[in-house]
Every structure is written in C-alpha cells, then in structure tokens.
Amino acid sequence: MRIPCPLCGDRPLEEFTYRGDATVTRPAAAAPMEAWVDYVYLRDNPKGPHREHWRHAQGCGSWLVVDRNTVTHEITQAAQARPAGEVQR
Ligand SMILES: [Zn+2]
C-alpha cells in the first residue's frame, strides 16, 4: 500500500504510522461517563470506506486524514490534518 502524502508525494506504507479513527469526536467535559467510555475504548470496525488518521513518521512528520477502503486499501483522499479547533474544509 502507498499513501499520497500532500507534502512528499506517494510514499510506502512503512513510512507511516496508523493513529486511529478520524471520525471520533471528543465529548464535552461534562458529558456522561458512557460518552467518555465510548470515546476512549469503543471503535467501529468498518468494512469499506473509512476516514483515518495517519502520521508520516518516517517522512515529513505530518498528521494526515486519509480516506481508505478497508477492503481494497484504495485511498481516495489524503489531506493534512488541521490543528485542534480549526475547521477542515
Ligand atoms: Zn510527508
């Protein structure tokens, strides 16, 4: 599998580190304990399209948001992740 880093171009998987599901959102500080348990421990295991965080650890160090099909490993989009609080367009 190759991942298209927006800064470095197509690079081999071995240069990247998977950092988890990019669709999970942090609950409010006062949210019920169940919301925090879901946020910290529970993840879906989707078959098909999925949005993920990857880090180009052995390259430029960028955090990426990658849309990848978990069955075919086809990547349809890879973009730099935004700092917390900044809206991705
Ligand atoms: Zn890179």
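Our structure's up above, just so we're on the same page.
Note that the structure is a prediction, hence the values are computed from the model and not measured.

Caption draft 1: Quick peek at the pairing of strand β6 (residues 75-80). Where strand β5 (residues 63-69) lies against β6, five bridges are found, and the strand directions are antiparallel. Along β6, the bridge assignment pairs aspartate 67 with glutamine 77.

Caption draft 2: Expanded view of the coordination of the zinc ion. Donor atoms from the polypeptide that coordinate the zinc ion comprise Cys5 (SG), Cys8 (SG), His56 (ND1) and Cys60 (SG), at 2.1 to 2.4 Å from the metal. Every donor counted, the four donor atoms about the zinc ion form angles of 104 to 116 degrees at the centre, which fits tetrahedral coordination. Between the donor residues of the zinc ion, the gaps in sequence give the motif C-x2-C-x47-H-x3-C. Taken together, the positions of cysteine 8 in the loop between β1 (2-5) and β2 (9-12) and histidine 56 in the loop between β4 (49-55) and β5 put the pair 48 residues apart, joining distant regions of the chain. Among the residues examined, cysteine 8 registers a relative accessible area of 37% and is labelled partly exposed.

Caption draft 3: View of a nonpolar patch on the surface. On the surface, Met33, Val37, Val40, Tyr41 and Leu42 cluster together into a nonpolar patch covering about 550 Å² of accessible area. Residue position: leucine 42 is located in the loop between α1 (33-41) and β4. Note on leucine 42: relative accessible area 51%, which makes it exposed.

Caption draft 4: Quick look at the pattern of salt bridges. The tally for this structure, following the rule as stated, stands at three salt bridges. Ionic pairing is found between glutamate 15 and arginine 11, a salt bridge with its closest N-O pair at 2.7 Å. Residue classification places glutamate 15 among the buried positions, given a relative accessible area of 14%. Since its relative accessible area comes to 30%, arginine 11 is described here as partly exposed. Aspartate 67 serves as the salt-bridge partner of arginine 51, at 2.7 Å between the closest nitrogen and oxygen. One end of the pair, arginine 51, is in strand β4; the other, aspartate 67, is in strand β5, with 16 residues separating them in the sequence. A relative accessible area of 34% places arginine 51 in the partly exposed class.

The rules we used
- The residue numbers shown here count from 1 along each chain, following its written sequence.
- Restriction of local features to residues with pLDDT of at least 70 applies here, the model being predicted, together with a cutoff of 80 or more for giving and counting side-chain atom pairs; totals for whole chains, interfaces and linings are based on all residues.
- With hydrogens and water set aside, each side-chain value is computed from the structure's full complement of heavy atoms.
- What makes two strands pair is DSSP finding at least two bridges between them.
- In this description a helix means any DSSP run of H or I spanning at least four residues, a strand means any run of E spanning at least two, and both kinds are numbered starting from the N terminus.
- Note that water is not among the atoms used; donors are N, O and S atoms within 2.8 Å of the metal (3.2 Å for Na, K and Ca), so sites may look incomplete.
- Between 85 and 135 degrees for all angles marks four donors as tetrahedral; over 155 degrees for opposite donors together with 65 to 115 for all other angles marks four donors as square planar and six as octahedral; every other arrangement is irregular.
- Each residue is assigned to one of three classes by its accessible area relative to the maximum for its type, calculated with a 1.4 Å probe on protein chains only: buried under 20%, partly exposed between the two thresholds, exposed over 50%.
- To count toward a patch, a residue needs a relative accessible area over 30% and no salt bridge; like charges are then connected within 9 Å, while nonpolar side chains (Val, Leu, Ile, Met, Phe, Trp, Tyr) are connected within 5 Å.
- Under the convention used here, a 1.4 Å probe and the Shrake-Rupley method define accessible areas, while residue burial counts only the protein chains that appear.
- Any carboxyl oxygen of Asp or Glu that lies within 4 Å of a side-chain nitrogen of Lys or Arg is treated as forming a salt bridge with it.

Without other data, these values stay purely geometric and don't point to any function.
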